[in-house]
Amino acid sequence: GAVVSQHPSWVICKSGTSVKIECRSLDFQATTMFWYRQFPKQSLMLMATSNEGSKATYEQGVEKDKFLINHASLTLSTLTVTSAHPEDSSFYICSARDPRTGGSPLHFGNGTRLTVT
Amino acid sequence: KQEVTQIPAALSVPEGENLVLNCSFTDSAIYNLQWFRQDPGKGLTSLLLIQSSQREQTSGRLNASLDKSSGRSTLYIAASQPGDSATYLCASNTGKLIFGQGTTLQVKP
């Protein structure tokens, strides 16, 4: 079955630094990937849609200059949290659309727990 | 704007009970609806996907139904087990997945 790998699974960084999270589709080419954020005891909120070879589409209220998304290849999308602050501490999850199955269901990574101190 | 609501927010049942989790959505123009399971601190496990043209899907002890016209879906879990304890999320697909808040289930031995 389709597998999405997300790395790192957890990261602790100091306030003001930047953190990069990778999302890879291991056995399929994903032209579209999605990035979600989940605060404790809350549901997943879509941050942005990442399209290979073009700019990401951000949801309302998500700062594109703070959350940089790059989808330079068909198997890799990255999310960089720039100048991280404690309020950015959250669980970040990516998902990828497998074109072989018409894009459904979406396949999810295991998430990245970001803690900003 | 699509809104997805799940009721109840939390549920605690003794082992062996059958239970129903509810999901409602405001925009019926969906491609499909998915149910996921999330264990604490973990990612998502896809349980069932119902296409907009379908009424229900079954996998083992799980049965999910979809009534698109009324904007509702239910997840039925038969003969619940302690291992079923987790948060269950529904998500509607209108081109992108919009998630409900989840139902946190505890099955007590």
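Structure: see above.
Description of the structure in this document. (Residues numbered from 1 in each chain as written. Chains lettered and ligands numbered in written order. Predicted model: local features only at pLDDT ≥ 70, side-chain atom pairs only at ≥ 80, totals over all residues. Heavy atoms only, no water.)

Each disulfide consists of a covalent bond between the sulfur atoms of two cysteine residues. In total, this model carries two disulfides over all chains according to the counting rule given. Sulfur-sulfur distance for the disulfide between A:Cys23 and A:Cys94 comes to 2.0 Å. Torsion about the S-S bond of the A:Cys23 and A:Cys94 cystine: about 80°, corresponding to right-handed handedness. Of this pair, A:Cys23 sits in strand β3 (residues 19–25) while A:Cys94 sits in strand β9 (residues 90–96), and the two are 71 residues apart along the sequence. Judged by relative accessible area, which is 0%, A:Cys94 ranks as buried. Shown here is the disulfide that connects B:Cys23 with B:Cys90, its sulfur atoms set 2.0 Å apart. Here the disulfide of B:Cys23 and B:Cys90 is right-handed, its torsion about the S-S bond being about 75°. With B:Cys23 in strand β3 (residues 19–25) and B:Cys90 in strand β9 (residues 86–93), the pair connects residues that are 67 residues apart, well separated along the chain. A disulfide-free cysteine, A:Cys13 has its sulfur positioned 18 Å from the sulfur of A:Cys94, the nearest such atom. What makes A:Cys13 buried here is its relative accessible area of 9%. (Disulfide = S-S within 2.5 Å. Helix = DSSP H or I, 4+ residues; strand = E, 2+ residues; numbered from the N terminus. Buried < 20%, exposed > 50% of the residue type's maximum accessible area, 1.4 Å probe, protein only.)

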